[in-house]
Each structure stands twice: as structure tokens, then as C-alpha cells.
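Secondary and tertiary structure notes
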Amino acid sequence: MHAYVARRLWQMLPTMAGVILLVFFLFNWVGGDPAYVLAGLMSSQEQIESIRSALGLNEPLYVQLWIFVKQVATFNFGASWTTGEPVAQLFASRLPASLTLMLPLLVIETVVCLVLAVGLSWVRGSRLDRSVMVFFTLLMSVSILVFIILGQYLLAYRWGLFPVQGWGDGLWKNLSTYAPLPILLGLLVGVAPHTRLFRTFVLDEVDQDYVRTARAKGLSEGRVMFVHVLRNALIPVITFVISNIPGLLLGAFLLERFFGIPGVGREIILAVERSDFPVIKAVTVYVALATMVFNLVGDLLYRLTDPRVQLR
């Protein structure tokens with residue numbers, strides 16, 4: 001196990017090197033001159049040259065690349081061009097709000113979709129199964145904006161069950177007051193596609209030999225489905241959930257934007273709108289690193305889920 005983890009961590013180095021090179025050349029060649037972006041339209045040539053000197057853009061290309069490598073290695077990407085706040089501090093202050101929203105959503109959504117998937121697989125081919133699948137297909141065709149607008153109008157504005165938007169300083173206050181409505185709407189958006197996908201994973205296991213053997217031994221259908229089948233179907237589920245965790249924080253930008261939640265997703269949208277290159281570069285590197293780390297965590301969870309899995 002330890003040798004496998006060490007080998008995977010070693011293999012991350014060339015991947016990160018490729019990410020660093022790609023991000024560096026994209027932002028230096030495709031993104032335009034950062035000095036012009038930062039200076040604005042009404043700046044003089046002297047001001048632009050001063051900004052270029054302060055950013056190190058007058059240095060040779062290999063020196064600029066080395067500066068970027070040191071930024072990645074130290075997680076110090078400088079300060080935001082629009083707010084002046086250090087990028088590392090900016091993400092550290094915005095991440096708790098995103099985690100408060102997305103972690104409960106991830107857990108609730110995974111559990112609900114798994115239970116629904118196993119239950120629908122239990123009654124596969126029945127009228128209930130077909131009706132739910134048709135309903136989920138219709139649900140998938142509805143935009144998340146429709147859920148957000150209707151949810152805010154009906155549940156918050158008209159019925160007063162939740163605040164329309166806002167965020168506080170206390171964890172319990174946020175979880176009990178401000179987070180439930182966006183979590184509920186996020187669940188409504190994700191339950192249809194994820195249940196359909198998880199149902200496919202479960203159905204792939206239903207006709208396996210071990211399932212027929214379990215039924216031949218006289219085990220109840222509930223035990224067969226929720227113990228034997230579910231355990232084996234968890235491996236592709238873990239793969240899907242783990243691989244989507246980094247993108248989950250980025251995908252929450254609509255919820256954060258509409259509900260006034262000061263999270264990472266909303267900050268990324270603001271950075272893109274303002275051409276805030278230090279923030280955008282930091283996000284790109286952070287997401288690449290998080291993806292590799294969570295893939296490693298997923299491989300380790302395979303072993304915990306099914307001891308027969310060998311990590312090599």
C-alpha cells in the first residue's frame with residue numbers, strides 16, 4: 001500500500017510539470033499582455049512599462065517560467081489584480097463557504113441517488129421503474145436556472161420557508177438557515193442524471209453469477225440488492241463521485257452567485273469577468289492538483305470497499 005502511494009505521488013510530478021507548462025504558455029501567448037489588461041485603456045506607455053517591470057514581464061521567458069514554478073511550489077500566486085488580496089488568502093477565505101454548501105450536497109445526493117438506483121433496479125422493468133425513468137428524463141431537460149428562479153420565488157419569496165439569499169459567519173447558522181435551499185435545488189438538479197447513471201452501475205451487477213448464487217442460497221431480494229449488489233456497484237460510483245469533487249466546487253458558481261454565497265465558484269466567475277490572471281492561474285493549478293489527489297484517494301477507497309482489489 002505504502003509503495004503504491006509513493007509511486008503514485010512520484011507519477012504526479014511529470015503531470016504537474018505538463019500542467020505548469022501548459023498554463024504558463026497559454027496565459028503568456030493566448031491571454032494577451034497582462035500589463036495592458038491590468039493598466040486599462042487610458043494608461044500611458046510609461047505606466048504599461050512600469051507594470052511590465054513590476055510583474056517581471058521584461059525578463060526572459062525562462063526566468064518568467066521559473067517565477068511561475070516557484071509560485072506553484074510555494075502556493076504563492078501573488079495578489080489579485082482587482083482586490084489586491086493575496087490569492088492564497090482569497091481562496092482560504094472563500095473555501096469554507098463552498099465546502100459548507102457542497103459537502104452536504106455531495107453526501108445527500110450520493111446517498112439518495114444510490115438508494116433510488118438500487119430500489120429501481122429491484123423493480124426493474126416494472127411500471128414504477130419506467131415511470132420514474134421517464135420523469136427523470138424530463139427533469140434532466142430543465143435548466144438549473146429554472147430551478148433556482150422558481151425555488152427562490154416560491155419557497156423563499158412567496159412562502160417564506162427560506163431566506164432568498166445571504167450568508168453569515170457561523171457554521172451552524174449557515175447550515176440551518178442559508179444553505180438548505182441551495183442544497184435542495186442542487187439535489188433536484190443532480191438527482192435525475194446521477195440516479196440514472198447509478199442504476200446502470202447496479203444493473204451491470206444484477207445478472208452476475210454471484211447474484212444468482214446468493215438467490216439460490218435463499219437470501220432475500222433486499223439483502224441481495226442492498227448488500228451484495230450494492231457493494232460491488234460502489235466501485236464505479238466511487239470513481240464517478242471522486243472524479244467530480246474538484247469540479248463540484250467550480251460547478252457551484254450559479255448557486256453561489258444567485259444566493260449571495262461568498263464561495264470559490266463565485267470568485268472564479270468574478271475573476272474571469274475582470275481578467276484577474278493570478279486568480280485564474282491559481283484555480284487552474286489547484287484543480288489539476290486536486291484532481292490527481294482525489295484520483296489517488298479513489299483508488300485507496302476501492303481497496304476499502306472491496307478487499308479483493310489489488311493496488312499495483
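Structure's up top.
Residues numbered from 1 in each chain as written. Predicted model: local features only at pLDDT ≥ 70, side-chain atom pairs only at ≥ 80, totals over all residues. Heavy atoms only, no water.

What follows is about the side chain of T110. Mapped onto the fold, T110 is located in helix α5 (residues 87–122). The exposure class assigned to T110 is buried, which follows from its relative accessible area of 17%. In this structure the side chain of T110 is engaged in a polar contact, spanning 2.7 Å, whose partner is the backbone oxygen of L106. Apart from the residues within four sequence positions on either side, T110 is in contact with F198 and V241. (Helix = DSSP H or I, 4+ residues; strand = E, 2+ residues; numbered from the N terminus. Buried < 20%, exposed > 50% of the residue type's maximum accessible area, 1.4 Å probe, protein only. Polar contact = N/O pair within 3.5 Å; in protein donor to acceptor, adjacent residues only side chain to side chain. Contact = heavy atoms within 4.5 Å.)

Along the chain, the position of F77 falls in the loop between α4 (61–74) and α5. In this structure F77 comes out as buried when scored by relative accessible area, which is 4%. In the structure, F77 is positioned ten residues away from V87 in sequence and 6.0 Å away in space, judged by C-alpha atoms.

Before going further, it helps to spend a moment on the pattern of salt bridges. Under the defined criterion, the tally for this structure stands at four salt bridges. Across the pair E267 and R94 runs a salt bridge, and its minimum N-O distance is 3.0 Å. With E267 in helix α13 (residues 264–274) and R94 in helix α5, this residue pair connects regions lying 173 residues apart in the sequence. Side by side, E267 and R94 carry an identical accessibility label, which is buried. The residue R212 makes a salt bridge to D209 at a minimum N-O spacing of 2.2 Å. In this pair, R212 and D209 both sit in helix α10 (residues 209–216), three residues apart, roughly one turn of the helix. A relative accessible area of 47% means that R212 is categorised as partly exposed. (Salt bridge = Lys/Arg side-chain N within 4 Å of Asp/Glu carboxyl O.)

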